[in-house]
Amino acid sequence: MKFHSVKKLGIICLFSTVFALFANPFVAQEDAAAGKELFKANCASCHKIDKKSTGPQLKGAKQIWADAGEGELIYEWVRDNGALRSSGKSKRAAAVFAEFNQQAMTTFPKLSNEDIDNILYYADTYAPPVEEGPVATETEAGDTDKGGVKMWLLILGIVLLFVTFAALGVRKKLAYIAAAERGEEIGEEKSAMDKLGAWIYKNWLFALLIFVVVLFAGLADLMTRLATIGVYEDYQPSQVVAYDHSLHAGTMEIDCRYCHNSVEKSKHAGLPTTNVCMNCHKVVHESKKGTGAEEIAKLHAAAGFDKDLGDYVKDADGNVVEGKPIVWNKAHNLPDHVFFSHKQHVKVGGIDCMQCHGDVKTYTLGRVSTTAEINALVADNSDKGLIELTKPILTMGWCIECHDKKQIEVGPDASNPYYQEIHERLTLRPDVYKNIKEDGMVTVQELGGWECAKCHY
Amino acid sequence: MKLNFKNISLFAGASILMMSCSRNPDSPGYEYMPDMYRSQAVEAYVDYGLIKDVEHEDLKNTMSARKPAMGSIPFNADPEMAEVMMPYSFTNTEDGYNASKGNAIPMKYVSNEETAIAYAEEGKVLFGYFCSHCHGKTGKGDGAVITYGEYNAPMPYDGGYKDRTLGQIFHVITYGKGAMGPHGSQLNKDERWKVALHVRTLQYGNLMYSELMTEVDSLNAMKDSLKVMSPLMIDTNVIELPLDGSLNHESTEEAHH
């Protein structure tokens, strides 16, 4: 009997050892998975696992608290950090609060000790996914090489040109010297102009033909060049900060109005001040591929932000020490004698940005679009009410062409009260109103959109 | 024309010279009558540094965006609107955030259910411009910025942020919180209330008008009982009431010195 019970005990021991050996990792696996879910739902908005963010990094946090001798207090901290801080029993709590600019953490009264353990276990066992090697840097290097080669070719060409002319001059001199040595009489040298005159005299018809061709080609060239004065199609000036519209407005779907937020309130669409950039870039210091860090550093310098400190640099009075403001190069230049208001066109007229600016989601830096490009967009964007135009963009011809073609909804039920008001006024002059509505539509031009003083005053 | 060394080298030289004359990509090009094109006065985003038609390089673009003077209030003929636009009294601190819980939405926005829903609809449009790229169209915290950049995702409105009141949402939009930046410069106070109403719609699936009114009424009643006329009257920056009589203590101490 005794022997049996010992045997039984042995078997139980064996089983429990095996169970412990194999089962523990399974329990741990569940912990990490549950922790991941909890982390995403509760913590991820302020914490990163392996990096300092709005709050401290979570990897190793449990160890730090344990080292401080407050391993048990971390649970209280997560559930209600304010209560723990005011209780004064935790030094670690006060330290974290001070380190993160006295920003209190959100309270999580619903999380149990087990939940918190799961989250911290997930953080401690987290391994970042391995990414592919950098491809973008190679192409960039290639581009700079190309530019360098072009410059060297140019320098080489200029050097060769000098050598050629020098050799020609030397050859001529040598010929004279040789002739003088032979005792030949050197006649008066004919100048190049004399030679040319003689040639024209001999082949006058051919010369006339060349002259006429050159004259007309020159005139045609002059006309096309004059026609480009004041036309800024496809103009894309360089900028201090290489901002990428295709990334921000395209991939990340940030609305145009987020940055150009005065477009519905002012004549100007507005360039964002650096504080608008900093709404995201106080947290985002580089893209996930590691690019853009250099450009964002320029922004931080202008805004007076220290990314290592995670805060703005302030002087003794607590004012932010700002750097030199970013000077953006203006792409859309309208002459001073033209008045244009974004508010009137966007808010009242309901014109989509695309009608004048094209598909900005495909641009990098700000750029003046072309009429041809915008015409190509009309078919695919039927919901935006775009119309096709013929004149070059940002010219007066283009403005008045649109004012002539663009139909507006005027009536008692017009979507914009501005046009309801116009309807009210026009009903006082039925003859005029009838005249306007004769062709079944109301255009901007019919409401005075072609009056000189509408834009020039 | 003979195809000799001289001619070929001349041609090559000429083409190199022509190639080297390329347009400066930063120059917009020629313009007619610069005196009519270029404003002598400094316009927004345009500064040619002109004094009597002469350009001064060192004057160009020396002005940057300026903040309005402290305490400036946008003019508004509508008294209700003017009150909404009054300077915001809650500070950008944890205490200010907690106190903003007591900031009731002006009655203008919630006078009746239809009005409130209409304002929330306006807020939805603004939410699309200013919030949805991070918080997501339905407020789940799954906007394109978050999914692309794998950045810290904001908690869903109907989850972790469900207990936030309108006053707190207003405070967060104004000053930011955590990873979110302050949006007070992009949305004025009127627009912030509208967005807050839409966020409430996302928190509960609908505006929950009757519950909202109970909240607003109790907050307003609390204010009356405290004999505080409106949150506009308190500016914690200016007035710091010594609750523990420390002011007297200090003054007596000073008298001793």
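Just so we're clear, the structure is a prediction, and the values are computed from it rather than from any experiment. (Residues numbered from 1 in each chain as written. Chains lettered and ligands numbered in written order. Predicted model: local features only at pLDDT ≥ 70, side-chain atom pairs only at ≥ 80, totals over all residues.)

## Here we look at the overall build of chain A
And then number 1: Regarding its fold elements, chain A presents 20 helices and four strands.
And then number 2: Sequence-distant contacts in chain A: of pairs separated by 6 or more residues, those separated by 24 or more amount to 57%. (Helix = DSSP H or I, 4+ residues; strand = E, 2+ residues; numbered from the N terminus. Contact = placed C-beta atoms within 7 Å.)

## Thoughts on the overall build of chain B
And then number 1: Helix and strand counts for chain B come out as 12 helices and two strands.
And then number 2: Of the regular secondary structure in chain B, the N- to C-terminal order runs α-α-β-β-α-α-α-α-α-α-α-α-α-α.
And then number 3: Burial statistics for chain B: of 257 residues in total, 25% are counted as buried. (Buried ≥ 20, exposed ≤ 12 C-beta atoms within 10 Å, placed from the backbone.)

## Some points on the nonpolar core
And then number 1: Counting residues in hydrophobic clusters, the biggest one holds 71 residues, and the most contacted among them are Ile 119 and Ala 123 of chain A together with Tyr 109, Ile 169, Val 195, Ala 196 and Leu 197 of chain B.
And then number 2: When neighbours within four sequence positions are excluded, Val 195 of chain B is seen to be in contact with Gly 123, Leu 126, Phe 127, Cys 131, Ile 173 and Leu 187 of chain B.
And then number 3: Among the nonpolar cores identified, the runner-up in size contains six residues, and Val 231, Tyr 232, Ile 393 and Leu 394 of chain A belong to it. (Core = buried A, V, L, I, M, F, W, Y, C linked by C-beta atoms within 7 Å.)

## Focus on the domain arrangement of chain A
By a frequent convention, interface size equals the accessible area lost on bringing the separate parts together.
And then number 1: For chain A, the assigned domains read domain 1 (21–125) and domain 2 (200–229).
And then number 2: For domain 1 of chain A versus domain 2 of chain A, the distance between C-alpha centres works out to 82 Å. (Domains from an automatic or database assignment.)

## Some remarks on the packing of helix α9 (residues 166–175) of chain B against helix α10 (residues 189–204) of chain B
Residue and element names in this part refer to chain B.
And then number 1: For the pair α9 and α10, the least separation of the axes is 9 Å and the interaxial angle reads 125°. Classified by the angle their axes make, α9 and α10 are oblique. Relative to α10, the crossing made by α9 is right-handed. The residues of α10 that touch α9, namely those facing Leu 166, Ile 169, Phe 170, Ile 173 and Thr 174, are Arg 192, Trp 193, Val 195, Ala 196, Val 199 and Arg 200. (Axes fitted to C-alpha atoms, helices over the stretch in contact; angles between N-to-C directions. Parallel < 35°, antiparallel > 145°, perpendicular 65-115°, else oblique. Left-handed = near helix turned anticlockwise from the far one by under 90°.)

## Let's talk about the interface of chain A and chain B
And then number 1: Counting residues at the interface gives 52 residues for chain A, matched by 45 residues for chain B.
And then number 2: Where the side of chain A that touches chain B is concerned, the elements lending two or more residues are α1 (2–43), α7 (136–181), α11 (256–259) and α12 (274–281) of chain A.
And then number 3: For the side of chain A that touches chain B, the leading source of residues is α7 of chain A, giving six residues.
And then number 4: Residues of the side of chain A that touches chain B, tallied by class, amount to 24 nonpolar, 19 polar and nine charged. (Nonpolar A, V, L, I, M, F, W, Y, C, P; charged D, E, K, R; others polar.)

## A short note on the confidence of the model for chain A
Do not read the fine detail of predicted coordinates wherever pLDDT is low.
Residues and elements named next belong to chain A.
And then number 1: Summing up the model confidence of chain A, the mean pLDDT is 83 and the portion of residues at 70 or higher is 88%.
And then number 2: Here α1 is the element of chain A with the lowest mean pLDDT, 60, and helix α15 (residues 354–357) is the one with the highest, 95.
And then number 3: Note that pLDDT drops below 50 for residues 20–28; the model gives that stretch zero contacts with residues more than four away or on any other chain.
And then number 4: In the model, residues 133–144 has pLDDT below 50 throughout and makes two contacts with residues more than four positions away in sequence or in other chains. (pLDDT = per-residue confidence, 0-100.)

## What about the confidence of the model for chain B?
Residue and element names in this part refer to chain B.
And then number 1: On average, chain B scores 80 in pLDDT, and the residues at 70 or more come to 78%.
And then number 2: The lowest-confidence element of chain B is helix α12 (residues 246–256), averaging 36 in pLDDT; the highest-confidence one is helix α6 (residues 113–130), averaging 95.
And then number 3: A low-confidence stretch, residues 227–257 stays under pLDDT 50, and its non-local contacts, those more than four residues away or across chains, total 12 contacts.

## Some words on unusual backbone geometry
Residues and elements named next belong to chain A.
And then number 1: Positive phi is not limited to glycine here, since Asp 234 has a value of about 60°.
And then number 2: Within the chain, Glu 253 stands out as a residue other than glycine whose phi angle is a positive 55°.
And then number 3: Topologically, Glu 253 is positioned in the loop between α10 (245–251) and α11.
And then number 4: Among the residues examined, Glu 253 registers 16 C-beta atoms within 10 Å and is labelled partly exposed.

## Overview of the environment of Asn 333 of chain A
And then number 1: By the secondary structure assignment, Asn 333 of chain A is in the loop between β2 (311–312) and α14 (342–348).
And then number 2: It is 28 Å that separates the C-alpha atoms of Asn 333 of chain A and His 300 of chain A, two residues lying 33 residues apart in sequence.

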